[in-house]
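Structural characterization, general
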Amino acid sequence: MSVPVARRLRPFGTTIFTEMSALAQRTGAINLGQGFPDEDGPAELVEAAAEALRSGHNQYAPLGGVPELRVAIAGHQRRRYGLEVDPDDGVQVTFGATEAIAAALLGLLEPGEAVVALDPTYDSYGAAVALAGGELRRVTLRAPAFALDLGALEAAVRGVGAAGARQEARVLLLNSPHNPTGRVLSRTELEGVARICVEHDLIAITDEVYEHLVFDGAEHIPLATLPGMADRTLTISSAGKAFSFTGWKIGWCSGPPELVAAARAAKQFLTFAGGTPLQHAVARGLDDAERHTAPLAARLQANRDRLAAGLRAAGFAVAHSEGTYFINADAAPLGVADAAAWCRELPARAGIVAIPASAFHADPATAPTLVRFAFCKRPQVIDEAVARLARI
């Protein structure tokens, strides 16, 4: 008996990460595609997790998350950004930021309502909106500057419904620092975003998982800190990126209790709770987050510079990355017309895996020759990768 995938999920297929990581395993290639570090984060957090295991923290956590972690998240938001959130009703711990995004959309959207997001988008956004029965509208960031066009954003918010009548969006799903472009939205851009949100009564869901990983003195500004936004913004982040423990999958959302309650209402029927000892360890890390994250950001900036120099030497045109794990390079100067096909051939040709940027775009023709490389790797791995690229 053939059982088809539900129509709402058919457009998404297998993720590009699954495909390219399988290629890396099959060929033994260096994986500069998927964004995970090849070194663990702070040893003291590993020990804190082991201590929690040995201390009996091995059963279900409360639905909202381990109390110590919720307090630590609220303290982090207050110290770093001046945001006051209630650790009980204003924080929800999740299985990574991906679940937080999905739970927020499932809890807030009615069928047919529209969500506006920046294009290119992280691949889970479209699927999460589809699962919630919503409509995704995209605002394109164009290489090489990847600047936000506020006029295009407002037009997408105003929108046109399926029947041809104007139908304003309900939710803005904003990602900064932005994956896959590496952009960190400026204060001017974010002030424009805030104005649009207030004028159109939008709920903002902000994906800020790379909040600590910005470079060259760039400033990450949470949208919730801008006038009129604290009461309409659900802020999402994760320990996976901040502390280099992507496999722990400890994320969270924070903000006004009514928005957190909507995410919690959906989350309780997804995974309910888990990762209890890891939540205790992350609480320990967040209590002194900057001590761990500042050295990590400095190492990543050095890795970015190392990879960018190697890519330029190999003939790529390289876009500037202000944050995240990623840098985009244009392969057109190498004579490449189709980066997706080129990336699929690259593991066999050079022993390297990278991701075609077109995989993140609604219209692949927007970025046909762009390639996303991850620099969250050891320097010697980056050096070997660029040496292999130079040879082809």
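Residues numbered from 1 in each chain as written. Predicted model: local features only at pLDDT ≥ 70, side-chain atom pairs only at ≥ 80, totals over all residues. Heavy atoms only, no water.

Per an unreviewed UniProt entry, the protein is named Aminotransferase class I/II-fold pyridoxal phosphate-dependent enzyme, and its organism is Conexibacter stalactiti. Checking UniProt for the protein, the heading Cofactor (unreviewed entry) contains the comment "pyridoxal 5'-phosphate". (UniProt positions renumbered as here; feature names shortened; annotations may be inferred.)

1. Some thoughts on the pattern of salt bridges
When the charged atoms of two side chains with opposite charge come close together, those side chains can pair. Summed over all chains, the structure comprises 23 salt bridges. Its salt-bridge partner being Glu 47, residue Arg 54 comes within 2.6 Å of it at the nearest N-O pair. On the accessibility criterion, Arg 54 (61% relative accessible area) is exposed. Arg 306 serves as the salt-bridge partner of Asp 383, at 2.7 Å between the closest nitrogen and oxygen. Within this pair, whereas Asp 383 is found in helix H13 (residues 379-391), its partner Arg 306 is found in helix H11 (residues 289-313), the two being separated by 77 residues in sequence. For Asp 383, a relative accessible area of 33% corresponds to the partly exposed category. Ionic contacts of the salt-bridge type, sharing partners, join the residues Glu 154, Arg 158, Arg 195 and Glu 199 into one network. (Salt bridge = Lys/Arg side-chain N within 4 Å of Asp/Glu carboxyl O. Buried < 20%, exposed > 50% of the residue type's maximum accessible area, 1.4 Å probe, protein only. Helix = DSSP H or I, 4+ residues; strand = E, 2+ residues; numbered from the N terminus.)

2. As for the sheet that holds strand E2 (residues 91-95)
Spatially, seven strands are ordered E2-E8-E7-E6-E5-E3-E4 in an open sheet, and the strand pairing comes out mixed. The strands lining the two open edges of the sheet, one partner per strand, are E2 and strand E4 (135-140). Averaged over all adjacent pairs, the angle separating strand axes in this sheet is 20°, with direction ignored. Both strand E5 (residues 171-175) and strand E6 (residues 203-207) contribute to a ladder of five bridges, which runs parallel. Within E6, the position partnered with Leu 172 by the bridge is Ala 204. Strands E2 and strand E8 (250-254) of the sheet are contacted by helix H10 (residues 276-286), whose axis makes an angle of about 65° with E8. (Pairing = 2+ DSSP bridges. Axes fitted to C-alpha atoms, helices over the stretch in contact; angles between N-to-C directions. Contact = heavy atoms within 4.5 Å.)

3. Description of helix H1 (residues 16-27)
With 12 residues, H1 ought to run about 16 Å at 1.5 Å a step, and its terminal C-alpha atoms sit 16 Å apart, in line with that. Regarding H1, the residues found buried are Ile 16, Phe 17, Met 20, Ser 21, Leu 23 and Ala 24. Within H1, the buried residues cover an arc of 150° as seen down the axis, which keeps them to one side. Seen from the open side of H1, the exposed residues pointing more than 90 degrees away from its buried face are Gln 25 and Arg 26. Where H1 is buried, its residues meet strand E1 (30-31), helix H12 (339-350), strand E11 (352-353), strand E12 (355-356) and strand E13 (370-374). Just past H1, the residue Gly 28 takes up positive phi, approximately 70°. (Expected span 1.5 Å × (residues − 1). Arc of directions from axis to C-beta.)

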